[in-house]
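# Residue-level structural notes
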Amino acid sequence: MKKLFAIFGNPVSHSRSPLMHNSVFKGLNYKACYTRVHLLDGTKLRETFFNLKLSGANVTVPHKEAAFKACDEVRGFAKKVGVVNTLINENGKLIGYNTDADGFMFAIEEFGKINNVLVIGAGGTAKALASRLIQNNIKVSVLNRSASRLEYFKDIAHRCYTWDNFELEKYDLVVNTTSAGLKDDELPAPKDMIDDILDNTLFVADAIYGNLTPFLKQANEKAITYKDGADMLLGQGVLANELFVNKELKLKKIKFFMQKSFNL
Ligand code: NDP
């Protein structure tokens, strides 16, 4: 029987995940199909997953923390950060993983050695990326619009700031993990602050893919080397697919067909 996979999110229409995973399933003759589910209420994630008889799923904004709560068991890095982006139906049990963080590490490899990073945003993606960077002994500061979400970072990050008490440093890399610019024209922090930050970093990355965010546009105007979230998307997708097919397909082949879908 054909297996069914899906991505849950709100919004979700922009997601390239169906294209990416279906390209692998088709290319490698794996009997499966991947669709998208527009989920408004994160507390309905578990029941929707089982009602649709899914074999696995990905989870995007703003449900990754709800996905963590929905699981019967959480494995690996996801357990550490409390953020799940990949769900597997393992004999009727919901198992959660996080592949975003390793996907991001794959994406920033080309920047070379990075020592000091500013993460803008404090949501699920920020948690995963910051924790993974810190695990690699990289100094991480976090800047977020509101204070409440910074609580998680207080014990692990070098410094935590809201817009009111931000102190500028010199960075190797600044990453936008907010959803500012995803479906609006907003910057992830006030314009003057972003200007100062960009004048003090070597590289810039955005978790958002598919459109050049106002943040990346500003980096581009300043001739700073930047990358959008496409490679991170590819990295997390390859690792998620490997979990979906329970390692029945070779990682190299998964990557080949997933990469192909980026040209569609
Ligand atoms: P969350 O909803 O968990 O967190 C959103 C964060 O963005 C919060 O810190 C929030 O701040 C901040 N924020 C939202 N709007 C604004 C704004 N207008 N100005 C400033 N800050 C804002 O989202 P996720 O962490 O799950 O996802 C964040 C982004 O990363 C999304 O755009 C998503 O598409 C992208 N992403 C890309 C991936 C890839 O593979 N390329 C993988 C994962 C995510 P506050 O606390 O003040 O509300």
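These figures come from a predicted structure and were not determined experimentally.

## Topic: the nonpolar core
Counting residues in each nonpolar core, the largest one holds 26 residues, and the members touching the most others are F104, V117, L133, F153 and L173. Secondary-structure elements contributing two or more residues to this core are helix 5 (100–108), strand 7 (116–120), helix 6 (124–135), strand 8 (139–144), strand 10 (171–176) and strand 11 (201–206). The residues touching L173, leaving out its near neighbours within four places in the chain, are F104, I108, F111, I114, N116, V117, L118, T201, F203, V204 and A205. Formed by 23 residues, the second largest nonpolar core is a distinct cluster that contains M20, V24, Y34 and L234.

## Let's talk about the sheet that holds strand 11
Taken together, the six strands give an open sheet; going across it, the order is 9-8-7-10-11-12, and neighbouring strands pair in parallel fashion. Looking along the sheet, the strands with just one partner apiece sit at the ends: strand 9 (159–162) and strand 12 (225–227). Taking each pair of neighbouring strands and ignoring which way they run, the sheet shows an average axis angle of 20 degrees. Relative to strand 11, strand 10 runs parallel, the two being bridged by five bridges. Among the inter-strand pairings, N176 is bridged to a residue of strand 11, identified as D206.

## Overview of the domain arrangement of the protein
Under the domain assignment, the protein is made up of domain 1 (3–98 + 231–261) and domain 2 (102–228). Taking the mean C-alpha position of each, domain 1 and domain 2 sit 25 Å from one another. Summed over both partners, the interface of domain 1 with domain 2 buries about 1,700 Å², with 67% contributed by carbon and sulfur atoms. Contact with domain 2 buries surface across domain 1, with F77, D231 and M232 losing the most and accounting together for 34% of the total. The interface formed by domain 1 and domain 2 contains two salt bridges. The salt bridge involving K127 is made with E65; its shortest N-O contact spans 2.8 Å. The interface formed by domain 1 and domain 2 contains four residue pairs in polar contact (both at pLDDT 80 or more). Of the residues forming the side of domain 1 that touches domain 2, the biggest block, seven residues, is contributed by helix 9 (residues 230–244). Per-class residue counts for the side of domain 1 that touches domain 2 are nine nonpolar, five polar and six charged.

## Description of the packing of aromatic side chains
Pairs of aromatic rings are described using the distance from one ring centre to the other and the angle between the two planes. On inspection of all chains with the given rule, the structure shows nine aromatic pairs. The interplanar angle of 90 degrees and the centroid separation of 5.1 Å between the aromatic rings of F256 and F257 together place this pair among those described as edge-to-face. Connected via pairs of aromatic rings, a cluster forms that spans F5, F25, Y30, Y34 and F244. Taking the ring centre of F262 as reference, the NZ or CZ of R16 above it sits at 5.9 Å. In this structure, K227 is placed above the aromatic ring of F111, and the distance from its NZ or CZ to the ring centre is 5.9 Å.

## Things to note about the environment of D206
With respect to the helices and strands, the residue D206 is situated in strand 11. Judged by its relative accessible area of 2%, D206 falls in the buried class. Separated by 157 residues in sequence, D206 and F49 have C-alpha atoms that sit 29 Å apart. Reaching out from D206, the side chain makes a polar contact with the backbone nitrogen of I208 at a distance of 3.0 Å.

## Observations concerning the site of the ligand
Contacts to the ligand come from 29 residues, most closely from T125, N144, S146, E186 and A207. A122 has a polar backbone atom sitting 2.9 Å from an oxygen atom of the ligand. Protein burial of the ligand: of its 940 Å² of free accessible surface, 92% is covered by the chains. A per-element tally of the shell around the ligand places helix 9 first, with three residues. Class assignment for the residues of the shell around the ligand results in 13 nonpolar, eleven polar and five charged. Each of domain 1 (3–98 + 231–261) and domain 2 (102–228) accounts for three or more of the residues forming the shell around the ligand.

Rules used in this analysis
Residues numbered from 1 in each chain as written. Predicted model: local features only at pLDDT ≥ 70, side-chain atom pairs only at ≥ 80, totals over all residues. Heavy atoms only, no water. Core = buried A, V, L, I, M, F, W, Y, C linked by side-chain atoms within 4.5 Å. Buried < 20%, exposed > 50% of the residue type's maximum accessible area, 1.4 Å probe, protein only. Helix = DSSP H or I, 4+ residues; strand = E, 2+ residues; numbered from the N terminus. Contact = heavy atoms within 4.5 Å. Pairing = 2+ DSSP bridges. Axes fitted to C-alpha atoms, helices over the stretch in contact; angles between N-to-C directions. Domains from an automatic or database assignment. Buried area = accessible area lost by both parts, 1.4 Å probe. Salt bridge = Lys/Arg side-chain N within 4 Å of Asp/Glu carboxyl O. Polar contact = N/O pair within 3.5 Å; in protein donor to acceptor, adjacent residues only side chain to side chain. Nonpolar A, V, L, I, M, F, W, Y, C, P; charged D, E, K, R; others polar. Phe/Tyr/Trp six-rings, centres within 6.5 Å; stacked < 30°, edge-to-face > 60°. Lys NZ or Arg CZ within 6 Å of the ring centre and 35° of its normal. Near = heavy atom within 4 Å. Areas by Shrake-Rupley, 256 points an atom, 1.4 Å probe, with all protein chains shown as cover.

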